[in-house]
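Fold and contact review
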Amino acid sequence: MDELDALRRMRTALAEEESPERLAVRADWRSVRRPRRFGIPLAMATAALVAAAFAAISVTPDRELPGKRTPENALLVAATNVQRGPTGTYWHTTRIVGKIHAVGENAAEHYKVESRMRYDAWTDLRGTGCNAVKDLPARPWTARDKQRWQAAGAPTKVEVASGFLFFEAPDRKQSCRQVTERRFFGMTPRRLAALPTHPEDLKNALLDLKGNWEAYAPKVTRQPIRALEGEKRIRALSDVAGTLLAEAPAPPAVRAAAFRMLAALPGVKVEGRTTDPLGRTGVVISLPLETTIPLGLSTAPRQLGTYRRQWIINPDNGTLLAMRDLVATPPQGSRDLPTGDDGKPRRLTPETQPDRFHQPGELAEYATYEVAEWTDETPS
């Protein structure tokens, strides 16, 4: 273990012993008036040293709010607060997924449109529950995009790389489809409840999870996270941590351990405060890698660009508000795809990319967690 690893573990250990109020003051997450003192407390000096040592290149968050830079250990504030949270019969999430599409034939005249899907899920401790999915109407992404959409005659549907988007979706309630055995990266709720609550032990347990962790590969290969190195390992661990914090019925102590594990990963950086796509204020957590998104049927059209994953968290209650992918490298080049059902060869080109006219730093896709809480209410 080198000195920087020792400092990270020392910081995490100190945070686990502090009360939420004391940690919030030390982290400077809330604006708290406190007496002026001389000298620098050891814990703050340690955090400053670690923050400087792990500074990484990142994309500046859009819609940034004015104010002081939030210290790195906002993750530890979130961990301490979520650990005291309640539990219930069901873990209920309402997740809204949005993608930003380019509409038009060229960069000069295009405008952006946001497509959205809403997912409601209830899961009990046996893994049973129900899911409901609903299409939400598309809409222009910014005020400038709205002006261009209106100038184009305010069409009720537009053609994008993946098909058509509709600005008027049917307003009907979707039935909740029953689920009998829900798993999260192969883990049942019972296994989630048995996960270690110490961050280093939790990381060691997650390293044994098997899955397709490669951003792009000619064929699907399942392997444990432990087989990965460097940024690939950090990326896989952060993907699992995001699921533990938002979508999985994990106990509060496991969620706290996930926050602390993330705080100890090399290069994870807090960038300041911003608003999520629902307008809620939070702290930006930037992961220290630029990478393509995981390969899959719906994500293959974005394999020609690279994206930076960020989280937006609320340290006061330890919730993950949103995830977002910012463009790091716009789509370029081309790539062969497996043959289609007709047996003909296929090839990806920039023209097939939904964000083909995006610039570095612009939002490509997001997921917001409007609801992520334990409840005793029956699914509806």
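Described below are features of the structure shown in this document. Worth saying up front: this structure is predicted, and the values here are computed from it rather than measured.

1. A closer look at the pairing of strand E11 (residues 306–314)
Within E11, 7 of the 9 residues are buried, which leaves it mostly tucked inside the rest of the structure. Following E11, the chain reverses through 4 residues before pairing antiparallel with strand E12 (residues 319–329); glycine 318 in that reversal takes a positive phi of roughly 70°.

2. Quick notes on the packing of aromatic side chains
Two aromatic rings are characterised by how far apart their centres lie and by the angle between their planes. If you walk through the whole model with that rule in mind, you get 4 aromatic pairs. Judged by centre distance (6.4 Å) and plane angle (25°), the ring pair of tryptophan 141 and tyrosine 366 falls under stacked. Remark: tyrosine 366 occurs in strand E15 (residues 363–375) and tryptophan 141 occurs in the loop between strand E3 (129–140) and helix H5 (143–151); sequence separation between them is 225 residues. Both residues of the pair, tryptophan 141 and tyrosine 366, belong to the buried class. Here the aromatic rings of phenylalanine 185 and tryptophan 213 are separated by 5.6 Å at their centres, their planes lie at 25°, and the arrangement is stacked. Remark: tryptophan 213 occurs in the loop between strand E7 (210–211) and strand E8 (223–224) and phenylalanine 185 occurs in the loop between strand E6 (177–179) and helix H6 (189–193); sequence separation between them is 28 residues.

3. Concerning the pattern of salt bridges
Following the criterion strictly, the structure yields 12 salt bridges and no others. Salt-bridge contacts for arginine 126 lead to aspartate 124; the nearest nitrogen and oxygen are separated by 3.1 Å. Aspartate 124 sits in the buried class, given a relative accessible area of 6%. Put simply, aspartate 239 and arginine 309 hold a salt bridge, and the shortest N to O gap is 3.9 Å. Note that aspartate 239 is positioned in helix H8 (residues 230–246) and arginine 309 in strand E11, a separation of 70 residues in sequence. By relative accessible area, arginine 309 is classed as partly exposed at 24%. Because the salt bridges share partners, they merge into one network encompassing Arg118, Asp120 and Glu370.

Thresholds applied
- Residues numbered from 1 in each chain as written.
- Predicted model: local features only at pLDDT ≥ 70, side-chain atom pairs only at ≥ 80, totals over all residues.
- Heavy atoms only, no water.
- Buried < 20%, exposed > 50% of the residue type's maximum accessible area, 1.4 Å probe, protein only.
- Helix = DSSP H or I, 4+ residues; strand = E, 2+ residues; numbered from the N terminus.
- Pairing = 2+ DSSP bridges.
- Phe/Tyr/Trp six-rings, centres within 6.5 Å; stacked < 30°, edge-to-face > 60°.
- Salt bridge = Lys/Arg side-chain N within 4 Å of Asp/Glu carboxyl O.

These figures capture arrangement, not role.
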